[in-house]
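Residue-level listing of the chains:
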Amino acid sequence: MSEGADKKKNYSADSIQALEGMEHVRMRPSMYIGDVGPRGLHHLVYEVVDNSIDEAMGGHCDTISVTINEDNSITTKDNGRGIPVDLHKKEGVSALQVVMTKIGAGGKFDKDSYKVSGGLHGVGVSCVNALSKHLKATVYRDGKIWEQEYEKGKALYPVKSIGTTKERGTLVTFTPDDSIFTQTVEYSYETLSNRMRELSFLNKGVTISILDKRQKDKDSETGFVGETFYSDEGLREFVKFLDGNREQLTQNIIAIEGEKNGIPVEVAMVYNTSYTENLHSYVNNINTHEGGTHLSGFRRGLTTTLKKYADNSGMLEKLKFEVQGDDFREGLTAIISVKVAEPQFEGQTKTKLGNREVSSAVSQAVSEMLTDYLEEHPDDAKTIVQKVILAAQARHAATKAREMVQRKTVMSIGGLPGKLSDCSEQDPSLCEVFLVEGDSAGGTAKQGRDRNFQAILPLRGKILNVEKAMPHRVFENEEIKNIYTALGVTIGTEEDSKALNIDKLRYHKVVIMCDADVDGSHIETLILTFFYRYMRELIESGHVYIATPPLYLVKKGTKKQYAWDDAERDAIANSYSSGVSIQRYKGLGEMNAEQLWDTTMNPDFRTLRQITIENATEADRIFSMLMGDEVPPRRDFIEKNAVYANIDA
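Structure report, in brief. Everything numeric in this text was worked out from a predicted model, so none of it was measured. Position numbers for residues start from 1 in each chain and track the written sequence from start to end. Local features in this predicted model are restricted to residues of pLDDT 70 or higher, and side-chain atom pairs are both shown and tallied only at a pLDDT of 80 or more, whereas totals for entire chains, interfaces and linings draw on every residue. Excluded from the side-chain calculations are hydrogens and water; all other atoms, namely the structure's heavy atoms, are used.

Notes on the environment of Gly347
So, step 1. As for its placement among the helices and strands, Gly347 is situated in the loop between strand S15 (345-346) and strand S16 (352-353).
So, step 2. C-alpha of Gly347 to C-alpha of Gly292: the two residues are 55 residues apart in sequence and 9.0 Å apart in space.
So, step 3. Two residues form a contact once any of their heavy atoms are found within 4.5 Å. Filtering out sequence-adjacent residues up to four positions away, Gly347 remains in contact with Glu290 and Lys352. By the criteria applied, helices consist of DSSP H or I runs no shorter than four residues and strands consist of E runs no shorter than two, each listed in order from the N terminus.

The following block contains the structure:
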């Protein structure tokens, strides 16, 4: 056996490379994990799990578990090779200690240990260690159990052997440092569960389980809330899961898995009867929501191949205008996953792939896959082309509707809808607009607002459900036209109908303010669905918020306090003892202008919930479920999540 081959076989201390110290991690945590809010907190778990996924991608591990403990600490375990524990020659300590205490140290930087690896910035478990009050690493390797503990990234004692074992793998338990994560150290089971499910689809054949010891479940084997994810078919099953609430247009899911130009490419796609395009792309298990070269390669391969087939079929002959790229992707759900040895990321959040060589690899793979599929499935091929023709006709109609909106923006007085009560401030970064349900509440909001920086746009009733509407119907809707013109953004061009000119946004806070009841929640969801499908850049840039008006006013004599839920109401009432009167607000219109300002609009006292997209695939699935045609999954979701919903038969 050659020396190179021998090196590839052995995963030892020599495979671990320490790139730099980690003194700055605790001082500048946002540089390493994005932020110190909920997103950064959950990123700690992803970094540890990424190590286990790397082992799985290398064929060394097939079982991973994540446990949220009662104290909000996290335990992860895998059955991989176990982090090396022997002496690291350069550092003079155990390789385990190097991995845990040196930023950028790990086998993923040694090309002989891992061909590809996850972890967006490669900060690894050492970063997690630095940002934890306490971390304990246990390694099952070479018949022994090894252990080391740390506080705030510093080892408490040298790596030691504490027993023998027949197991192998790595177990890590860490407690996030609440002096750094000051906003919250409470983990969301749903957030972690969604990511574990996603990882199981992206890494077929790997069992990934999650357990929440904070929530009891008498019906489960463990006695706690938990789930186990396993996928045999990978992306095929992922597409089925995402499209579970849509009506499938083609008989089969079109899928490919292979290697092009040394780059592993996996694609799964299906057409449905919706009018939206749902493309989700991954690089080394990282969700690249800003796209990149792999996504552009997919689009090129899809468009070129379908266009050629449609032209040869003669079905486009009667069409009076040219078919465009968007037309081929309407009603398409697709997942593109590539593995790249040295990914280059760019974009605002470093989630856009920049490797040029990936584009042609994906394009070739998709072209070959589609060509074969269309020849073998002529009925599906005909259905797809018919869908493309309908999409082209709808786009043509939508272009005209879009032009009407643009004209209205330019030609109306000041380019603004008549119902808008604008603010006097001209700097968009200081301005906010409230989208208010109904003229009555709109009138109260206009009286209560600060006219200097707060604008009010009343909306009449429930806006159009864009999930079930053709694009030109969306642009023809009066309330939606008013939202576009009030915000000042343009909708796109013939070349890129999805583009939004966010630079023209007139308010950097767009606040949805509805009644705190079922109807209000429905209107909120309709508006959010519209923003997600047609103005996603607003959400991704952090401009969309939901106001939280109080549910109750608790009074005793001259004393009064507002309550936002039943528990808060009861606590206030008990503190007042007897003689308490409680007013339940059924709508914003029941408040006077002063009350609405004090509770919901005053920046000094209000609570705004910022809308974010943590997981694009899950957001896509939930919007299609809530606003689509399928009733049973919507009923199940509402029964599980609703606070005050009354489920009708």
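From this point, things continue past the structure.
Quick notes on the nonpolar core
So, step 1. Put simply, buried Ala, Val, Leu, Ile, Met, Phe, Trp, Tyr and Cys residues joined by side-chain atoms within 4.5 Å make one nonpolar core. Burial classes: relative accessible area under 20% of the type maximum marks a residue as buried, over 50% as exposed, and values in between as partly exposed (1.4 Å probe, protein chains only). Judged by nonpolar contacts, the single largest core of 47 residues is most densely connected at Val45, Leu96, Met100, Phe174, Tyr187 and Met196.
So, step 2. Apart from the residues lying within four places of it in its own chain, the contact partners of Met196 are Tyr46, Val49, Val66, Ile208, Ile210 and Phe229.
So, step 3. In this structure, Leu459, Tyr484, Tyr507 and Met627 belong to the second largest nonpolar core, which totals 46 residues.

Quick word on unusual backbone geometry
So, step 1. Of note, Asn261 is a non-glycine position whose phi angle comes to about 55 degrees, a positive value.
So, step 2. Tracing the backbone shows Asn261 in the loop between strand S10 (254-260) and strand S11 (263-271).
So, step 3. For Asn261, a relative accessible area of 55% puts it in the exposed group.
So, step 4. Of note in the backbone geometry, Asn284 takes a positive phi value of approximately 50 degrees without being a glycine.
So, step 5. One can find Asn284 in the loop between strand S12 (278-283) and strand S13 (286-287).

Regarding the packing of helix H8 (residues 235-242) against helix H20 (residues 616-627)
So, step 1. Between the N-to-C directions of two axes lies an angle of 0 to 180 degrees, each axis being a line fitted to C-alpha atoms and, for a helix, fitted only over the stretch in contact. In the contact formed by H8 and H20, the axes pass within 9 Å of each other and the chain directions differ by 40 degrees. Here H20 runs oblique to H8, going by the angle between their axes. Here H8 contributes Phe238, Phe241 and Leu242 to the contact with H20, which in turn contributes Thr617, Glu618, Arg621 and Ser624.
So, step 2. Its residues placed into classes, the contact of H8 with H20 shows three nonpolar, two polar and two charged. Each angle receives one of four descriptions, namely roughly parallel if under 35 degrees, roughly antiparallel if over 145, roughly perpendicular if within 65 to 115, and oblique otherwise. Amino acid classes used here: Ala, Val, Leu, Ile, Met, Phe, Trp, Tyr, Cys and Pro are nonpolar; Asp, Glu, Lys and Arg are charged; the rest, including Gly, are polar.

A look at the packing of helix H16 (residues 518-534) against H20
So, step 1. At their nearest, the axes of H16 and H20 sit 11 Å apart, and the two run at 130 degrees to each other. Classified by the angle between their axes, H16 and H20 sit oblique to one another. Handedness of the crossing formed by H16 with H20: left-handed. Along the contact surface, H16 presents His522, Thr525, Leu526, Leu528, Thr529, Tyr532 and Arg533, while H20 presents Ala616, Ala619, Asp620, Phe623, Ser624, Leu626 and Met627.
So, step 2. When grouped by side-chain class, the residues that make up the contact of H16 with H20 number eight nonpolar, four polar and two charged. For any helix crossing, the convention is left-handed if the near helix is rotated counterclockwise from the far helix by under a right angle, and right-handed if that rotation is clockwise.

A closer look at the pattern of salt bridges
So, step 1. What counts as a salt bridge is simple: a side-chain nitrogen of Lys or Arg found within 4 Å of a carboxyl oxygen of Asp or Glu. A complete count under the given rule lists 30 salt bridges for this structure.
So, step 2. One salt bridge in this structure joins Arg26 and Asp177, with 2.9 Å as the shortest N-O distance. A residue pair is termed long-range when its members are at least 10 positions apart, and Arg26 in helix H2 (residues 23-27) and Asp177 in the loop between strand S7 (169-176) and helix H7 (189-202) qualify at 151 residues.
So, step 3. Two residues, Lys133 and Asp178, come together in a salt bridge whose shortest N-O distance is 3.8 Å. Linking Lys133 in strand S3 (residues 132-141) with Asp178 in the loop between S7 and H7, this pair joins segments that are 45 residues apart in sequence.
So, step 4. Look at the salt bridges and you will find they share partners, linking Glu277, Arg299, Asp326 and Arg329 into a network.

Describing the sheet that holds S10
So, step 1. Here, any two strands with at least 2 DSSP bridges between them count as paired. The five strands are arranged S10-S11-S14-S12-S13 in an open sheet whose pairing can be described as mixed. Here the strands that pair on one side only, and so sit at the sheet edges, are S10 and S13.
So, step 2. Here S12 runs beside strand S14 (residues 332-338); their pairing, made up of six bridges, is parallel. Among the inter-strand pairings, Tyr282 is bridged to a residue of S14, identified as Ser337.
So, step 3. The strands touched by H20 within the sheet are S12 and S13, with S12 carrying the most contacts at an inclination of about 160 degrees.

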